[in-house]
Amino acid sequence: MFSLPALLYLSAFLFSVGTYGVLARRNILVVLMSLELMLNAVNIALVSFGRVHALTAFAGEHSGQIFTLMVLAVAAAEAAIGLSLLLVIWRRWNTIDLRQLCRLNG
Amino acid sequence: MELTISGAEILAILPAAILVVTGLVQLFADLGRSAEDKHSEKTHLAMIGVTGFLLAFAALFVQGSGASAGELYAGAMTDDLFGRMGAGVVIMTGLFSTLMAGSYLASRGSNSAEFTALISFGAGSMALLCQATNLISIFVAIETLSLAVYVMAGYFKDERAASEGAFKYFVLGAFSSGFLLLGMAFIYGATGGSVALTDIAASNGQQDTLFSVGTLLVLIGFAFKVGAVPFHSWVPDVYQGAPVVAVGWMAVAVKASSLFCLCRFLLFTGGGNDLAQLLAAISVVTILLGNLAALNQQSLKRMMAYSGIAHTGYLLIPLVVALSGDGSSSAASIPFYMFAYAATTLAAFGVLAAISVGSDRDQVHDLDGLAKNRPLLALGFTVALLSLAGIPLTAGFIGKLLILSNAIQQGFLLLALVGIIGSLISVYYYLRPVVSMWFREPKSSFELVPASWGITFTVALCGFATICFGLFPDWLIDLSKRSVEAILG
């Protein structure tokens, strides 16, 4: 079994990787994957907190795990919307490069 | 654990349930015919929508009989006056957006049921967001409404600006949801496993650094949703690319429901002085940047985008005051301001929709001579702009007066001063379209396709409401005060 800090470090690491991916990568597909990674990194934090709390203070309380299930559902819906936007952009302009997309200013 | 649903719980979820069913009915009513007649107005969709929204609005009053019903669904949501007022703003906004959608979209050749259905679905989740009282339900509601709005932003999928704006909105929105969620996980961890706002308020984890960081991250997530600086960069791009009706809907409903939820969240979690100062800084920068950037915009949509950012800044002032110890009484200006802002903004976007029926006009000089051709629209737009600028006798004036006088009473002179300076700057760019409409000669090529009854009705009624809230604000102020008292009590 892993300790809580170890799991939180893992979660923080994955979240940072996801953040970096969203900010630095220019391929839309990679950006979408990075967004999923961010949400799933938080899921790890949630279940680890949830396990610790279920063992100690609130026996039988599983909010963290329930939260994770909800986040999974939301992440799936989000991926569906993201991929459909990607498809629209690809069909219309034949590119999935964010640099070519950024032409609005203000 | 018993799994029964009480009558109060059914009543609490009734408006949202009605709205979701309305959306489904709209989708089914349009089955099999969406391909051919995208140019027709499809009045039946508007009728279904209006019926659904009116039923949902009536359901708010059915709930409204008693006091707060306390915790429902094991603390996931509540049913108090504050939540009902939030749902009321959202439902009225949805009603008018649905009324305007048909003719506007038909004129662009892309009228299908998805648009009105997305308004209904979005309204359902926004109503839930106003009533949500634990982290899980807040997150699910805020994500559901965002997903509906992402799609609406990119509704004109053949236009570059629309797809681009929608994608930018989506990436930044999902990014900020990540931070919102991380913040919630931190709060969950710091408070020893509580997700309900009441448990969080009662727990002893509030002094924890983890808790402060968590609150900060949640604040970032909300700042993005309401378009506060420095998370505002998506607002102008999205407003420019999205259908005008969707912009009006987003500008009011997303902002209103997020602010109602943020207000409830902050009143429960507190957050202390540091957070209040940070929020004050955000508020100052948001007001100044929004107003200054709006000065030079020739596009009305972009002008409204920056004006919306500035109004977010004004709305953060009562939250700062509430966080700094004054508690709930200053937050009472938020519901009133949201009602005033909803009426005003809907009237303004009604006119924008009317002038872009037929062609996609949104420059200030496109309004030249509007008063001669369409005096009613010009009058409605003038009232809306004066209200946004905070000129007396309008709802916007009373809203700003409440916020600023409260800030001054509680000793936040700097914040109030910035608010006043911002309003003074804003008078310039709000009056430019007014001058254009009333004092310029119409161009020879100026042809206006007659606006539908839906748009005209919306402009007239919302303009009228703007004046009414401005002349007789007392009942609404009283209602707002009682609603904020109901949050904690």
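All values derive from a computational prediction rather than experimental measurement.

Rules used in this analysis
- Residues numbered from 1 in each chain as written.
- Chains lettered and ligands numbered in written order.
- Predicted model: local features only at pLDDT ≥ 70, side-chain atom pairs only at ≥ 80, totals over all residues.
- Heavy atoms only, no water.
- Helix = DSSP H or I, 4+ residues; strand = E, 2+ residues; numbered from the N terminus.
- Rg over C-alpha atoms; globule rule 2.2 N^0.38 Å.
- Buried < 20%, exposed > 50% of the residue type's maximum accessible area, 1.4 Å probe, protein only.
- Contact = heavy atoms within 4.5 Å.
- Areas by Shrake-Rupley, 256 points an atom, 1.4 Å probe, with all protein chains shown as cover.
- Lys, Arg positive; Asp, Glu negative; His and termini not counted.
- Charge placed at Lys NZ, Arg CZ, Asp CG, Glu CD.
- Expected span 1.5 Å × (residues − 1).
- 1 Å grid on protein atoms, 1.4 Å probe; cavity = no way out; pocket = protein on both sides within 12 Å on 5 of 7 lines; lining within 4 Å.
- Points joined across faces, edges and corners; volume = space filled by probe spheres on them.
- Nonpolar A, V, L, I, M, F, W, Y, C, P; charged D, E, K, R; others polar.
- Domains from an automatic or database assignment.
- Salt bridge = Lys/Arg side-chain N within 4 Å of Asp/Glu carboxyl O.
- pLDDT = per-residue confidence, 0-100.
- Buried area = accessible area lost by both parts, 1.4 Å probe.
- Patch = residues over 30% accessible without salt bridge, like charges linked within 9 Å, V, L, I, M, F, W, Y side chains within 5 Å.
- Phe/Tyr/Trp six-rings, centres within 6.5 Å; stacked < 30°, edge-to-face > 60°.

Time to look at the overall build of chain B. For chain B, the helix and strand inventory stands at 19 helices and two strands. Its C-alpha atoms give chain B a radius of gyration of 21 Å, near enough to 23 Å, the size a compact globule of 489 residues would have. Oriented by its inertia axes, the alpha-carbon framework of chain B measures out at about 70 × 55 × 40 Å. Across the 489 residues that make up chain B, the buried fraction comes to 64%. Residue pairs in contact within chain B that sit at least 24 positions apart in sequence constitute 82% of those at least 6 positions apart. Counting only carbon and sulfur atoms, one obtains 68% of the accessible surface of chain B, whose full area is about 16100 Å². Distance between charge centres in chain B, computed from 22 positive and 28 negative side chains, equals 9 Å.

What follows deals with the overall build of chain A. In terms of helices and strands, chain A carries four helices and zero strands. Taken from N to C terminus, the helices and strands of chain A fall in the order α-α-α-α. Here chain A holds 106 residues, and the buried ones make up 39% of them. Carbon and sulfur atoms provide 68% of the accessible area of chain A, an area that totals close to 5800 Å².

The next point concerns helix H3 (residues 63-93) of chain A. Spanning 31 residues, H3(A) covers 44 Å between terminal C-alpha atoms, matching the ideal 45 Å at 1.5 Å per step. With its phi angle positive at about 55°, A:Asn94 sits one or two positions after the end of H3(A).

A word on empty space enclosed by the protein. All names here are of chain B. A full pass over the atoms with the stated rule returns five cavities of 30 Å³ or more. In this structure, the largest cavity is lined by 15 residues; those nearest its centre are Lys225, Val226, Trp234, Tyr239 and Lys255. Broken down by secondary-structure element, the contributors of at least two residues to the lining of the largest cavity are helix H8 (209-226), helix H9 (234-241), helix H10 (244-269) and helix H12 (300-326). Broken down by class, the residue content of the lining of the largest cavity amounts to ten nonpolar, three polar and two charged. In terms of domain composition, the lining of the largest cavity takes at least three residues from each of domain 1 (7-270) and domain 2 (272-489).

To continue, consider the pattern of salt bridges. Side-chain pairs of opposite charge can arise where the charged atoms are in close proximity. Residues and elements named next belong to chain B. In total, this model carries eleven salt bridges over all chains according to the counting rule given. Taking the shortest distance from any N to any O, the salt bridge between Lys42 and Asp30 comes out at 3.4 Å. Placement of Lys42 in the loop between helix H1 (7-29) and helix H2 (43-63) and of Asp30 in the loop between H1 and H2 is noted, with a sequence separation of twelve residues between them. Like Asp30, Lys42 is buried. The shortest N-O distance in the salt bridge between Asp368 and Arg440 comes to 4.0 Å. Placement of Asp368 in the loop between helix H13 (333-355) and helix H14 (370-373) and of Arg440 in the loop between helix H17 (413-439) and helix H18 (453-471) is noted, with a sequence separation of 72 residues between them. Judged by relative accessible area, which is 41%, Arg440 ranks as partly exposed.

Let's shift gears to the confidence of the model for chain B. Residues and elements named next belong to chain B. Mean pLDDT over chain B: 89, with 94% of residues reaching 70 or higher. Averaged pLDDT values over the elements of chain B bottom out at 78 in strand S1 (residues 71-72) and peak at 95 in helix H5 (residues 135-153). For this predicted complex, the interface confidence reaches an ipTM of 0.93, while the overall pTM sits at 0.94.

Here we take up the domain arrangement of chain B. All names here are of chain B. Once the domains are mapped, chain B shows domain 1 (7-270) and domain 2 (272-489). Computed from C-alpha coordinates alone, the two centres of domain 1 and domain 2 are separated by 20 Å. Opposite the 48 residues of domain 1 that make contact, domain 2 presents 58 residues. Ranking the residues of domain 1 by area buried against domain 2 places Met85, Met100 and Leu267 at the top, with a combined share of 14%. The tally of links between domain 1 and domain 2 comes to one salt bridge. Elements with a minimum of two residues in the side of domain 1 that touches domain 2: H2, helix H3 (81-107), H8, H9 and H10. With 16 residues, H10 is the largest single contributor of residues to the side of domain 1 that touches domain 2. Grouping the amino acids of the side of domain 1 that touches domain 2 by side-chain chemistry returns 31 nonpolar, eleven polar and six charged.

Attention now goes to a nonpolar patch on the surface. Taken together, the side chains of B:Val20, B:Leu24, B:Leu27, B:Phe28 and B:Leu31 present a nonpolar region at the surface, about 460 Å² in accessible area. If you trace the backbone, B:Leu31 turns up in the loop between H1 and H2.

On to the packing of aromatic side chains. Residue and element names in this part refer to chain B. Enumeration according to the criterion identifies 17 aromatic pairs over all chains in this entry. Measuring from centroid to centroid gives 5.0 Å for Phe115 and Tyr155, while their planes differ by 70°, and the two rings are edge-to-face. Of this pair, Phe115 sits in helix H4 (residues 113-131) while Tyr155 sits in the loop between H5 and helix H6 (160-190); the two residues are 40 residues apart in sequence, bridging distant segments of the chain. For Tyr155, a relative accessible area of 14% gives the class buried. Ring centres of Phe339 and Phe469 lie 6.5 Å apart, and the angle between their planes is 85°; on these two criteria the pair is classed as edge-to-face. In this pair, Phe339 sits in helix H13 while Phe469 sits in helix H18, placing the two residues 130 residues apart along the sequence. Residue classification places Phe469 among the buried positions, given a relative accessible area of 12%. Through a chain of ring-to-ring contacts, the aromatic side chains of Tyr150, Phe167, Tyr169, Phe170, Phe224 and Trp234 assemble into a single cluster.

Take the interface of chain B and chain A next. The extent of an interface is frequently quoted as the accessible surface area lost upon association of the parts. Taken together, the contacts link 39 residues of chain B with 42 residues of chain A. Around 3700 Å² of area is buried between chain B and chain A when both sides are counted, 78% of it from carbon and sulfur atoms. Sorting the residues of chain B by area buried against chain A places B:Arg160, B:Phe167 and B:Tyr188 first, and these three jointly supply 20% of that buried surface. Note that B:Asp158 is salt-bridged to A:Arg92, the shortest N-O span being 3.6 Å.

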